[in-house]
Amino acid sequence: MTDPGVPAAAAPDAPPPRVSYLVFRLERRIRACLDEALARHGMTTTGYMALSELRLRDAPSSADLARIAFVTPQAMNLVIRDLEQRGLIRRDPHPRGGRALRTRLTPKGLTTLRRCDRSLDGIEAVMLAEIDDPDRTTLAEALTLCARALHPDPRP
């Protein structure tokens, strides 16, 4: 019986794996680690992404957050509602009026986000343990270029 965690040896004449396949496999493994680590903080990956973006951007819309997190606006509205009920974010009327609400992190949200960040630091430390700093920089730059090539947007 073979160990499912260990890939079978490739045939000698097999082509190397496609980069997109390797990225997909890595994404799935990262996601599993993220889900587990964030659950210990009572957070989902989508909720963490929303809090992270709120730290980086000045009051993005719910629709912006949905696009960034690759979820529907309806799904993001549920996430936003949950985060607000838990006191991690607050929503205030837009100064120009209308129905738009400005979403911002609360101090409790920032504290939760920092705890989650520390968990993710541990995941990245394990993932990147065998990669030196110059190669980490090159990897980050290459992945950013790949993301921009597929979705030309100011933020990958």
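Now for a quick tour of the structure. (Residues numbered from 1 in each chain as written. Predicted model: local features only at pLDDT ≥ 70, side-chain atom pairs only at ≥ 80, totals over all residues. Heavy atoms only, no water.)

1. Quick word on the overall build of the protein chain
Moving on, step 1. Check the secondary structure of the protein chain and you find six helices and two strands.
Moving on, step 2. Sequence-ordered secondary structure for the protein chain, helices as α and strands as β, is α-α-α-α-β-β-α-α.
Moving on, step 3. Taking as baseline every contact in the protein chain between residues at least 6 positions apart, the subset at least 24 positions apart corresponds to 44%.
Moving on, step 4. Split by element, the accessible area of the protein chain, about 11,300 Å² in all, is 59% carbon and sulfur. (Helix = DSSP H or I, 4+ residues; strand = E, 2+ residues; numbered from the N terminus. Contact = heavy atoms within 4.5 Å. Areas by Shrake-Rupley, 256 points an atom, 1.4 Å probe, with all protein chains shown as cover.)

2. Let's talk about the side chain of Thr 46
Moving on, step 1. Within the secondary structure, Thr 46 sits in helix α2 (residues 45-56).
Moving on, step 2. Those residues within four positions of Thr 46 in sequence are excluded, and the remaining contacts are Ala 69, Val 71, Met 76 and Val 79.

3. Topic: a positive patch on the surface
Moving on, step 1. Positive charge collects at one region of the surface, where Lys 108, Arg 114, Arg 115 and Arg 118 lie side by side.
Moving on, step 2. Checked against the element boundaries, Lys 108 lands in helix α5 (residues 107-127). (Patch = residues over 30% accessible without salt bridge, like charges linked within 9 Å, V, L, I, M, F, W, Y side chains within 5 Å. Salt bridge = Lys/Arg side-chain N within 4 Å of Asp/Glu carboxyl O. Lys, Arg positive; Asp, Glu negative; His and termini not counted. Charge placed at Lys NZ, Arg CZ, Asp CG, Glu CD.)

4. A look at the packing of α2 against helix α4 (residues 73-85)
Moving on, step 1. Contact geometry of α2 with α4 gives a least axis separation of 10 Å together with a crossing angle of 75°. Taken together, α2 and α4 sit at an angle that is classed as roughly perpendicular. Contact residues: Thr 46, Gly 47, Ala 50 and Leu 51 in α2; Met 76, Val 79 and Leu 83 in α4.
Moving on, step 2. Split by residue class, the contact of α2 with α4 holds five nonpolar, two polar and no charged. (Axes fitted to C-alpha atoms, helices over the stretch in contact; angles between N-to-C directions. Parallel < 35°, antiparallel > 145°, perpendicular 65-115°, else oblique. Nonpolar A, V, L, I, M, F, W, Y, C, P; charged D, E, K, R; others polar.)

5. What to know about a nonpolar patch on the surface
Moving on, step 1. Taken together, the side chains of Val 19, Val 23, Leu 139 and Leu 143 present a nonpolar region at the surface, about 330 Å² in accessible area.
Moving on, step 2. Structurally, Leu 143 can be placed in helix α6 (residues 133-150).

6. A few points about the nonpolar core
Moving on, step 1. One finds Leu 38, Met 43, Tyr 48, Leu 51, Met 76, Leu 83 and Ile 89 to be the most contacted residues of the largest nonpolar core, which totals 22 residues.
Moving on, step 2. Of all the elements in the fold, those that place two or more residues in this core are α1 (19-39), α2, α3 (62-69), α4 and α5.
Moving on, step 3. Leaving out residues up to four positions away in the same chain, Tyr 48 has contacts with Leu 38, Met 43, Leu 113, Cys 116, Asp 117 and Leu 120. (Core = buried A, V, L, I, M, F, W, Y, C linked by side-chain atoms within 4.5 Å. Buried < 20%, exposed > 50% of the residue type's maximum accessible area, 1.4 Å probe, protein only.)

7. Some thoughts on α5
Moving on, step 1. Here α5 contains 21 residues, and its C-alpha end-to-end distance of 30 Å stays within 8% of the 30 Å for a straight helix at 1.5 Å per residue.
Moving on, step 2. For α5, the set of buried residues is Gly 109, Thr 112, Leu 113, Cys 116, Asp 117, Ser 119, Leu 120 and Ile 123. (Expected span 1.5 Å × (residues − 1).)

8. Some points on the pattern of salt bridges
Moving on, step 1. Taken as a whole and judged by the stated rule, the model has eight salt bridges.
Moving on, step 2. The partner of Glu 53 in a salt bridge is Arg 57, with the nearest N and O atoms 2.8 Å apart.
Moving on, step 3. Residue Arg 57 is classed as partly exposed on the basis of its relative accessible area of 28%.
Moving on, step 4. The partner of Asp 64 in a salt bridge is Arg 67, and the shortest N-O contact between them spans 2.4 Å. Taken together, the residues span about one helical turn, with Asp 64 and Arg 67 both in helix α3 at a distance of three residues.
Moving on, step 5. Residue Arg 67 is classed as exposed on the basis of its relative accessible area, which comes to 55%.

9. Some thoughts on unusual backbone geometry
Moving on, step 1. Residues other than glycine seldom take positive phi values, yet Phe 70 does so here, at roughly 60°.
Moving on, step 2. Tracing the sequence through the fold places Phe 70 in the loop between α3 and α4.
Moving on, step 3. Judged by its relative accessible area of 74%, Phe 70 is exposed.

10. Section: the environment of Thr 103
Moving on, step 1. Tracing the sequence through the fold places Thr 103 in strand β2 (residues 101-105).
Moving on, step 2. Residue classification places Thr 103 among the buried residues on the basis of a relative accessible area of 3%.
Moving on, step 3. In sequence terms Thr 103 and Ser 62 are 41 residues apart; their C-alpha atoms lie 8.1 Å from each other.
Moving on, step 4. Setting aside anything within four residues of it in sequence, one finds Thr 103 in contact with Leu 54, Ala 59, Pro 60, Ile 80, Ile 89, Arg 90 and Arg 91.

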